[in-house]
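Report on the structure
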Amino acid sequence: MTGPSTEAARLAEEYLRLGGKRKAKLDDNIVDTRLWDDEPDEAAAFWRAQIDSLPESKRREVETNLPNMNPG
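Residues numbered from 1 in each chain as written. Predicted model: local features only at pLDDT ≥ 70, side-chain atom pairs only at ≥ 80, totals over all residues. Heavy atoms only, no water.

1. Some points on the pattern of salt bridges
Under the counting rule described, the total for this entry stands at five salt bridges. Between E7 and R10 there is a salt bridge, with the nearest N and O atoms lying 3.3 Å from each other. Taken together, the residues E7 and R10, both in helix α1 (residues 7-17) and three residues apart, mark about one turn of the helix. Beyond isolated ion pairs, a larger network of salt bridges with shared partners links E56, R59, R60 and E63. (Salt bridge = Lys/Arg side-chain N within 4 Å of Asp/Glu carboxyl O. Helix = DSSP H or I, 4+ residues; strand = E, 2+ residues; numbered from the N terminus.)

2. Quick word on the pairing of strand β2 (residues 30-34)
Burial along β2 is one-sided: the face carrying V31 and T33 is buried and the face carrying I30, D32 and R34 is not. Inspection of the sheet shows strand β1 (residues 23-27) paired to β2 by five bridges, in the antiparallel sense. Bridge assignment links A24 to a residue of β2, and that residue is T33. (Buried < 20%, exposed > 50% of the residue type's maximum accessible area, 1.4 Å probe, protein only. Pairing = 2+ DSSP bridges.)

3. Describing the nonpolar core
One finds A8, L11, A12, Y15, L18, A24, A43, F46, W47, I51, V62 and L66 forming the largest nonpolar core, which totals 12 residues. Secondary structure elements with two or more residues in this core: α1 and α2 (41-51). Ignoring anything within four residues of it in the chain, the contact list for W47 reads Y15, R22, T33, D52, E63 and L66. (Core = buried A, V, L, I, M, F, W, Y, C linked by side-chain atoms within 4.5 Å. Contact = heavy atoms within 4.5 Å.)

This is the structure:
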């Protein structure tokens, strides 16, 4: 088994590994994230430092690698 194949996938995987709770909301080519539960400080800090600082197109790419909150 191999790891994630893109930088965006690697960032999303690391965020989730740190206990990140955000989920992707994909709707008609609009990508957003939702966070309802508190997440560990380490995951929140990683999001702020590594993902929030990305250009919008790169951040959206990371967000599409998060678990999807839309029904199947």
